[in-house]
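A look at the structure
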Amino acid sequence: MITELPVLVDGPADGPPAGLSADHPMRRVTRQIAFEPGAWDAERRNQVTELFNGLAEDWSSRDVSGREAPILDALDRGLAAAPSADRRVALDVGGGNGINTRHLVPTFPNVITVDIAPEMLRLAADRSPRRVLADSASLPVADRAVDAVLLINAFLFPQEVQRVLSPDGVVVWVNSRGVGTPIHLPAADVDRALPGEWSGVSSSAGWGTWSVHWRR
């Protein structure tokens, strides 16, 4: 069950970045991966790897002012709503070139950036000291080993998230461009996709939306 929190952080006065689209083809892929077993196959994995390798050189151009708002709001109000726990190890799944690392390390002492694209991780060297090249559908992580799975504009692989997350762990889902984010799911769908019974909170901040989920 998701509880919607009031919006406290509006977007910048000059409006969102150009190029937002609610009908991006990646939207369908995101939903299939979350809800259809077998939707992520070798062909699709290779296509996504090639796509993000090609985007790597220009990825930092997305680091515009205001993009961090939903991340920081989720880490503030979202984690405050979750049951109290000592959460130290976090996976930034689909973390790309480490664009978000600096916003995460004040909350989680150990942030591990995971990405499928080697070019993204190569460019993350100066931002993310802990980097792992891996397919998020099959993480090289022990069962129940991490305290938070951060999915910031990243695909949701529900069974794998369930496997690696500790009993007191949280899932942090952020779409930095809200409904215009290509890799987008509403908070209620994230909740529905995760195996078992979950609770959570959601809200908007700046141009983005976020939700934080924990096991009941």
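The structure under discussion appears in the preceding block.
These numbers come from a predicted model, not from an experiment.

**Re the packing of aromatic side chains**
What the rule picks out here adds up to two aromatic pairs. Pairing Trp 40 with Phe 155 gives two aromatic rings, centres 5.9 Å apart and planes at 55°, and the pair type is tilted. Separated by 115 residues along the polypeptide, Trp 40 in the loop between helix 1 (26-35) and helix 2 (42-55) and Phe 155 in the loop between strand 6 (146-152) and helix 6 (158-164) bring together distant segments of the chain. Each member of the pair, Trp 40 as well as Phe 155, is classed as buried. Here the aromatic rings of Trp 40 and Phe 157 are separated by 5.3 Å at their centres, their planes lie at 75°, and the arrangement is edge-to-face. Of this pair, Trp 40 sits in the loop between helix 1 and helix 2 while Phe 157 sits in the loop between strand 6 and helix 6, and the two are 117 residues apart along the sequence. Phe 157 carries the same exposure label as Trp 40, and that label is buried. Among the aromatic residues, those joined into a ring-pair cluster are Trp 40, Phe 155 and Phe 157.

**Regarding the pairing of strand 4 (residues 110-115)**
For strand 3 (residues 89-93) and strand 4, the ladder comprises five bridges, and the chain directions are parallel. Residue pairing in the sheet places Leu 91 in a bridge with Ile 112 of strand 4. Bridging between strand 4 and strand 5 (residues 131-133) involves three bridges; their strand directions are parallel. Of the residues in strand 5, the one forming a bridge with Thr 113 is Arg 131.

**Looking at the layout of surface pockets**
Vacant regions in the atomic arrangement are exposed by a probe of water-molecule size rolled over the atoms. For the second largest pocket, the calculated volume is near 220 Å³. The wall of the second largest pocket is formed by 13 residues, among which Ile 33, Glu 36, Pro 37, Pro 158 and Gln 159 lie closest to the centre. Of all the elements in the fold, those that place two or more residues in the lining of the second largest pocket are helix 1 and helix 6. Along the lines of polarity and charge, the residues of the lining of the second largest pocket split into nine nonpolar, two polar and two charged.

**Examining empty space enclosed by the protein**
What the rule picks out here adds up to one cavity of 30 Å³ or more. Of the voids in this model, the largest cavity is the one considered here, and its volume is about 40 Å³. Contributing to the lining of the largest cavity are Val 93, Ser 136, Leu 139, Val 149, Leu 151, Phe 155, Phe 157, Glu 160 and Val 161. Counting residues per element, the ones that place at least two in the lining of the largest cavity are strand 6 and helix 6. A breakdown of the residues in the lining of the largest cavity according to their chemical character gives seven nonpolar, one polar and one charged.

**Brief notes about the nonpolar core**
One finds Leu 91, Val 149, Leu 151 and Leu 156 to be the most contacted residues of the largest nonpolar core, which totals 22 residues. Elements represented by at least two residues in this core include exactly strand 3, strand 6, helix 6, strand 7 (165-175) and helix 7 (187-193). Residues within four places of Leu 156 in sequence aside, it is in contact with Ile 33, Ala 34, Leu 151, Val 161, Trp 173, Leu 185, Val 190, Ala 193 and Leu 194. In this structure, Ala 90, Leu 150, Ile 152 and Val 174 belong to the second largest nonpolar core, which totals 20 residues.

**Notes on the pattern of salt bridges**
Evaluated as defined, the whole model comprises eight salt bridges. Of the charged contacts in the structure, one is a salt bridge between Arg 163 and Asp 143, with a shortest N-O distance of 2.8 Å. With Arg 163 in helix 6 and Asp 143 in the loop between strand 5 and strand 6, this pair connects stretches of sequence that are 20 residues apart. Using a relative accessible area of 24% as the deciding quantity, one classes Arg 163 as partly exposed. One salt bridge connects Glu 197 with Arg 216, and the closest N-O pair in it is separated by 3.3 Å. Within this pair, whereas Glu 197 is found in the loop between helix 7 and strand 8 (198-206), its partner Arg 216 is found in the segment after strand 9 (208-215), the two being separated by 19 residues in sequence. The residues Glu 197 and Arg 216 share a single accessibility class, namely exposed. Each of the salt bridges in this network shares a partner with another, and the network as a whole consists of Arg 31, Asp 189 and Arg 192.

Calculation rules
Residues numbered from 1 in each chain as written. Predicted model: local features only at pLDDT ≥ 70, side-chain atom pairs only at ≥ 80, totals over all residues. Heavy atoms only, no water. Phe/Tyr/Trp six-rings, centres within 6.5 Å; stacked < 30°, edge-to-face > 60°. Helix = DSSP H or I, 4+ residues; strand = E, 2+ residues; numbered from the N terminus. Buried < 20%, exposed > 50% of the residue type's maximum accessible area, 1.4 Å probe, protein only. Pairing = 2+ DSSP bridges. 1 Å grid on protein atoms, 1.4 Å probe; cavity = no way out; pocket = protein on both sides within 12 Å on 5 of 7 lines; lining within 4 Å. Points joined across faces, edges and corners; volume = space filled by probe spheres on them. Nonpolar A, V, L, I, M, F, W, Y, C, P; charged D, E, K, R; others polar. Core = buried A, V, L, I, M, F, W, Y, C linked by side-chain atoms within 4.5 Å. Contact = heavy atoms within 4.5 Å. Salt bridge = Lys/Arg side-chain N within 4 Å of Asp/Glu carboxyl O.

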